[in-house]
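Residue strings, one per chain:
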Amino acid sequence: MLYYLFQFLEDQYQLPGAQLFEYLSFRSAMAIILSLGISTIYGKRIINYLRAKQIGESVRELGLEGQSEKAGTPTMGGIIIIISTLIPVLLLARIENIYVILLMVTTVWMGVIGFVDDYIKTFKKDKEGLKGKFKVIGQIGLGLIVGCTMYFHPQITTKAVATETAATGNAIARTEVVDMGPEVKSTKTTIPFVKNNELDYASLIDWISPDLVNYAWLIFIPIVIFIVTAVSNGANLTDGIDGLAAGSSAIIVLTLGLFAWVSGNIIFSDYLNIMYIPRSGEMTIFITAFAGALVGFLWYNTYPAQVFMGDTGSLTIGGIIAVLAIATRKELLIPLLCGIFLIENLSVVLQVGWFKYTKKRFGEGRRIFLMSPLHHHYQKKGRHESKIVVRFWIVGIFLAILTIVTLKVR
């Protein structure tokens, strides 16, 4: 809204400073400052309200040290993240941008699913919360929306970029970006460690018949659904100890913000030899607001937590990260960038699978880990949860740097 207001003031009255809102960097900086302010200043009021309404966490007895002390801690704190993200976006972003719309829909959609789950746990006293099948249906629904929008919407395109080299008077070659051709619909994505750095989903089906290239959505949309479901569940499983999910997610989101910024800039996308995606740079406003909201939430969520994000926050975070990765055409980097989510997911799958297999074969279920997800395994080994969280953050930073490096490793 402020973007359009200051654009009007600049066009009509040449108001000094109004032109600043044309710059993505300025609006991104304003977004992160505003989201940090909202989450830290008003976050306390929301926590007090949740406490007054006795919206507290009912903790299962899992035999973990310090677990009983967390009983009654306010939950549904994901509301802080959602509000602190959406307000700066509505004020500072170009809200007609299809990528911004898609991200706002994702935030509200997953936020509602998580809120219903937390509501059932808190007020209906049902520790299971929303039935798993309904969560999956909601995740599949979002995946369908995102997949169909990415595939069919006319404003979601890519553009070929070429350079030409001209000799200067000093005999030093100077390379300039040349804007080549029209925007095109494409099912290409970035793939690491490959020379041309791209994979076209259509190639997974057109080998049968060239005519099937028009049916690439049959491959693309199910892949999007799988990614949305897997990443949102991964974030949900990671939210088990104070500050782990929010801190790890902030690292991932800032990395995706870098990808969004360079992918939407024709010069930097050419320099890094990555896909140029018109209009994707506007996602940087959403990303910086979201990152600010996560960091601000950490003010109250670090050990000892004054509030838990609940499924309202964790499902929303996972959904947003998945959509950001898909929109920037970096979804095949998710196993590396979101390695914390992946290992948490795998630890649960391996634990459950091995337990069922050994129970069937030996009559007694056996475990790989002392407890899953993985962070609980280290708690059982006597590690303090704050040490576990910081070490997971360090691993997350390493994976983020490695993910960025893959852009130039061919």
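The paragraphs below set out a description of the structure included in this document. None of the values given here were measured: they were computed from a predicted structure. (Residues numbered from 1 in each chain as written. Predicted model: local features only at pLDDT ≥ 70, side-chain atom pairs only at ≥ 80, totals over all residues. Heavy atoms only, no water.)

1. Regarding the packing of helix H6 (residues 217-238) against helix H12 (residues 339-362)
Where H6 contacts H12, the axes come no closer than 8 Å and their chain directions differ by 80°. Considering the angle they form, H6 stands roughly perpendicular to H12. Residue-level inspection shows Ala-230, Val-231, Asn-233, Gly-234, Ala-235, Leu-237 and Thr-238 of H6 in contact with H12, the latter providing Ile-340, Phe-341, Glu-344, Asn-345 and Val-348. Classifying every residue of the contact of H6 with H12 by side-chain character gives seven nonpolar, four polar and one charged. (Axes fitted to C-alpha atoms, helices over the stretch in contact; angles between N-to-C directions. Helix = DSSP H or I, 4+ residues; strand = E, 2+ residues; numbered from the N terminus. Parallel < 35°, antiparallel > 145°, perpendicular 65-115°, else oblique. Contact = heavy atoms within 4.5 Å. Nonpolar A, V, L, I, M, F, W, Y, C, P; charged D, E, K, R; others polar.)

2. With respect to the environment of Glu-198
Looking at where Glu-198 falls in the secondary structure, it is placed in strand E4 (residues 198-200). Assessed through its relative accessible area of 31%, Glu-198 is described here as partly exposed. Residue contacts for Glu-198: discarding those within four places in its chain leaves Lys-188, Thr-189, Ile-191 and Met-275. (Buried < 20%, exposed > 50% of the residue type's maximum accessible area, 1.4 Å probe, protein only.)

3. Points about the pattern of salt bridges
All chains considered together, the criterion is met by eight salt bridges. Residue Asp-117 is joined to Lys-121 by a salt bridge in which the shortest nitrogen-to-oxygen separation is 3.2 Å. Pair noted here: Asp-117 and Lys-121 are both in helix H4 (residues 98-123), with a separation of four residues, about one helical turn. Classification of Asp-117 by relative accessible area gives buried; the value is 0%. In this structure, Asp-311 engages Lys-121 in a salt bridge whose closest nitrogen and oxygen atoms are separated by 3.7 Å. Within this pair, whereas Asp-311 is found in helix H10 (residues 310-327), its partner Lys-121 is found in helix H4, the two being separated by 190 residues in sequence. (Salt bridge = Lys/Arg side-chain N within 4 Å of Asp/Glu carboxyl O.)

4. Observations concerning the nonpolar core
Most often, soluble globular proteins keep nonpolar side chains buried together rather than apart. Counting residues in each nonpolar core, the largest one holds 85 residues, and the members touching the most others are Met-150 and Ile-321. If you tally residues by element for this core, the top one is helix H9 (residues 283-301), at twelve residues. Counting eight residues, the second largest nonpolar core, distinct from the first, contains Ile-241, Leu-244, Ile-388 and Val-389. (Core = buried A, V, L, I, M, F, W, Y, C linked by side-chain atoms within 4.5 Å.)

5. Quick look at a nonpolar patch on the surface
A surface patch of nonpolar side chains, about 700 Å² in accessible area, is lined by Leu-342, Ile-343, Leu-346, Leu-350, Trp-354, Tyr-357, Phe-362 and Ile-368. Looking at the secondary structure, you find Ile-343 in helix H12. (Patch = residues over 30% accessible without salt bridge, like charges linked within 9 Å, V, L, I, M, F, W, Y side chains within 5 Å. Areas by Shrake-Rupley, 256 points an atom, 1.4 Å probe, with all protein chains shown as cover.)

6. Things to note about the packing of helix H3 (residues 78-92) against H9
Where H3 contacts H9, the axes come no closer than 8 Å and their chain directions differ by 150°. By the angle class used here, H3 and H9 are roughly antiparallel. For the crossing formed where H3 meets H9, the hand is right-handed. Contact with H3, carried on its side by Ile-80, Ile-81, Ser-84, Thr-85, Pro-88, Val-89 and Leu-92, involves Ile-285, Phe-286, Ala-289, Phe-290, Ala-293, Leu-294 and Phe-297 of H9 and no other residues of that element. Grouping the constituent residues of the contact of H3 with H9 by class yields twelve nonpolar, two polar and no charged. (Left-handed = near helix turned anticlockwise from the far one by under 90°.)

7. Regarding unusual backbone geometry
Across the junction of Tyr-303 and Pro-304, the peptide omega takes the value -10°, indicating a cis bond. Within the secondary structure, Pro-304 sits in the loop between H9 and H10. In the segment running from Ser-372 into Pro-373, the intervening peptide bond is cis, with an omega of 0°. Following the sequence through the fold, Pro-373 ends up in the loop between H12 and helix H13 (374-380). Despite not being glycine, Arg-329 has its phi angle at roughly 60°, a positive value. Topologically, Arg-329 is positioned in the loop between H10 and helix H11 (334-337). Taking the relative accessible area as the measure of exposure, Arg-329 reaches 4% and is therefore buried.

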